[in-house]
Amino acid sequence: NTSYSSDINYHVGYTYSHIGWNFKLPEANCAFGREQIKRLEGFRETRMRNWKYLRDGLKDIEQLTISPMSEGASPFGFCMRVKDGNKFGDYLESQGIKHRPFFAGNILRHEPFKHLGNPDDFPVADRLMKEALFIGCHTKLSKDDMNYMIDKIHAYFNHIKL
């Protein structure tokens, strides 16, 4: 099972405990980025093709809301919403399907940001925090990988009443 922050019942890996800095060797990243940008259009096309394949395989699940994707965009991942995102995320992990929650959700629920405002003023952020998550649609996924994800997600909704 995924571990959750006890304060806000959110994936501990995406729960902010303090405000800090994030340094990732910017010069080295720029060198890699200059080479990767040459492949950007191919990456975007493959990610979009994979996103559409997942969408087409999952669109019949009425308990699942699939976030739309604009033509020409490059999807970070395949984002979807389900009533109990934590439970669904735990299931995905148990089936070997990595997922990521909707980043920080309602940032005002995280301890270092509570002083910035009333988190109850952002009900949509709360809803996304509880329901939204991503699975991969990256360029290295094969049809077999995506069919496995589609089959396991169908199995979840066929056997678990939400």
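Described below are features of the structure shown in this document. (Residues numbered from 1 in each chain as written. Predicted model: local features only at pLDDT ≥ 70, side-chain atom pairs only at ≥ 80, totals over all residues. Heavy atoms only, no water.)

1. Some words on the overall build of the protein chain
- On a plain count of helices and strands, the protein chain comes out with five helices and six strands.
- Traced from its N-terminal end to its C-terminal end, the protein chain shows the element sequence β-β-α-α-β-β-α-β-α-β-α.
- For the protein chain, the C-alpha atoms occupy an extent of roughly 50 × 45 × 30 Å along the three principal directions.
- For the protein chain, long-range pairs separated by at least 24 residues make up 69% of all intrachain contacts whose partners lie at least 6 apart in sequence.
- If you sum the accessible surface of the protein chain, you get close to 10500 Å²; carbon and sulfur atoms cover 54% of it.
- Placing the 23 positive and 20 negative side-chain charges of the protein chain at their respective mean positions leaves the two points 4 Å apart. (Helix = DSSP H or I, 4+ residues; strand = E, 2+ residues; numbered from the N terminus. Contact = heavy atoms within 4.5 Å. Areas by Shrake-Rupley, 256 points an atom, 1.4 Å probe, with all protein chains shown as cover. Lys, Arg positive; Asp, Glu negative; His and termini not counted. Charge placed at Lys NZ, Arg CZ, Asp CG, Glu CD.)

2. Some points on the packing of helix α2 (residues 40–58) against helix α5 (residues 143–159)
- Where α2 meets α5, the axes come as close as 10 Å, and the angle between the chain directions of the two elements is 30°. Our classification of the angle between α2 and α5 gives roughly parallel. Regarding α2 and α5, the two cross each other, and that crossing is right-handed. Seen from α2, the contacting residues are N50, Y53, L54, G57 and L58; seen from α5, they are K143, M146, N147, M149, I150, I153 and H154.
- Considered class by class, the residues forming the contact of α2 with α5 number seven nonpolar, four polar and one charged. (Axes fitted to C-alpha atoms, helices over the stretch in contact; angles between N-to-C directions. Parallel < 35°, antiparallel > 145°, perpendicular 65-115°, else oblique. Left-handed = near helix turned anticlockwise from the far one by under 90°. Nonpolar A, V, L, I, M, F, W, Y, C, P; charged D, E, K, R; others polar.)

3. Considerations on the nonpolar core
- Grouped together as the largest cluster of nonpolar side chains are 23 residues, with contacts concentrated most on L64, F88, I135 and I153.
- Sorting the residues of this core by element identifies α2, β4 (78–81), α3 (85–94), β6 (132–135) and α5 as the ones contributing at least two each.
- When residues of this core are assigned to their parent elements, the largest contribution, six residues, is made by α5.
- Non-local contacts of I153, meaning those with residues more than four positions away in its chain, are made with L58, I61, L64, M80, F88, L92 and I135. (Core = buried A, V, L, I, M, F, W, Y, C linked by side-chain atoms within 4.5 Å. Buried < 20%, exposed > 50% of the residue type's maximum accessible area, 1.4 Å probe, protein only.)

4. Observations regarding the pattern of salt bridges
- All chains considered together, the criterion is met by 10 salt bridges.
- Ionic pairing is found between K38 and E35, a salt bridge with its closest N-O pair at 3.0 Å. (Salt bridge = Lys/Arg side-chain N within 4 Å of Asp/Glu carboxyl O.)

5. Details of the pairing of β6
- Here β6 shows no split at all, with A132 and F134 on one side and L133 and I135 on the other all buried.
- As defined by bridge partners, β4 adjoins β6 across four bridges and the pair is classed as antiparallel. When the sheet's bridge partners are listed, F78 is paired in β6 with I135.
- Note: strand β5 (residues 99–101) against β6, three bridges, orientation antiparallel. Bridge pairing in β6 links H99 to I135. (Pairing = 2+ DSSP bridges.)

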